[in-house]
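Structural features, examined
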Amino acid sequence: MKLLVQKLAAASAILAFAFNAHAAIGSASAADVTLDGQAADAFAYEAGWNPHAGPNGDTSGFGTAFDGTGTGSFSLLDKYDHSSEFANLGPLTFTFVDATGTQGLWTITNTSTTTNITLDLVFAIHAGNQGGAWLFDNQTVLAGQSLQGDWEILWTVGQGQGNSPDFSNLTLFSRDVVTTPVPEPGTYAMLLAGLAVTAVVRRRRKS
């Protein structure tokens, strides 16, 4: 009888933990952050995690969750909070708009006019002593291109509360960055000339 009571108590504790975790996550999902009209490819959540922590950010909240989508480790791309805006030091620059505290807009721009950039991009928000991370796998930003997205915080704070915490900070991470040079205009001209010659040769052979 005592053993049965202990097992029931253990099962109740597991259920309570699961309920609390679900209450904390709420309805948060990969669809809460979009870019160029597309939802993120994956979502990770961690209570008590601040991706903004430290000079290089903290990837512990999604490090293992996103392992299977690429190789190597994630590195800090840029940071934003209400007191310190993006550094925007590299070819990829960002904007962030906090419209209501729990939702807004963001953009990523490739300022290079000669290089396309493909990367694994993580958009990580800290709010209410909790962190959420959204992965955009193999995201390409063409030379001179600007992509816009939106974001929303849908996890809730504590059991039984339906409200989402306000945005605290944003940290961006990257991995598997690949740059591809944009062909020069002369290259296109040579390609078109070659195609034209090929077409003429084929017509002569047919005749």
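Summary of the structure given here.

**Considering unusual backbone geometry**
With a phi angle near 55°, Asp36 is a residue other than glycine that sits in the positive phi range. Note that Asp36 resides in the loop between β1 (34–35) and β2 (38–39). The exposure class of Asp36 is partly exposed, given its relative accessible area of 48%. At Asn129, a position not held by glycine, the phi torsion is positive, near 60°. The exposure class assigned to Asn129 is exposed, which follows from its relative accessible area of 52%.

**A look at the packing of aromatic side chains**
What the rule picks out here adds up to 18 aromatic pairs. Considering the side-chain rings of Tyr80 and Phe96, the 5.0 Å spacing of their centres and the 45° angle between planes classify their relative orientation as tilted. Residue Tyr80 is located in strand β4 (residues 75–81), and its partner Phe96 is located in strand β5 (residues 92–98); the two are separated by 16 residues in the primary sequence. The pair formed by Tyr80 and Phe96 is uniform in burial state, with each residue classed as buried.

**So, the environment of Val177**
Inspection of the secondary structure puts Val177 in strand β10 (residues 169–181). The spacing of Val177 and Thr118 is 59 residues in sequence and 5.7 Å in space, taken between C-alpha atoms. Residues within four places of Val177 in sequence aside, it is in contact with Ile117, Thr118 and Leu119.

The rules behind these values
- Residues numbered from 1 in each chain as written.
- Predicted model: local features only at pLDDT ≥ 70, side-chain atom pairs only at ≥ 80, totals over all residues.
- Heavy atoms only, no water.
- Helix = DSSP H or I, 4+ residues; strand = E, 2+ residues; numbered from the N terminus.
- Buried < 20%, exposed > 50% of the residue type's maximum accessible area, 1.4 Å probe, protein only.
- Phe/Tyr/Trp six-rings, centres within 6.5 Å; stacked < 30°, edge-to-face > 60°.
- Contact = heavy atoms within 4.5 Å.

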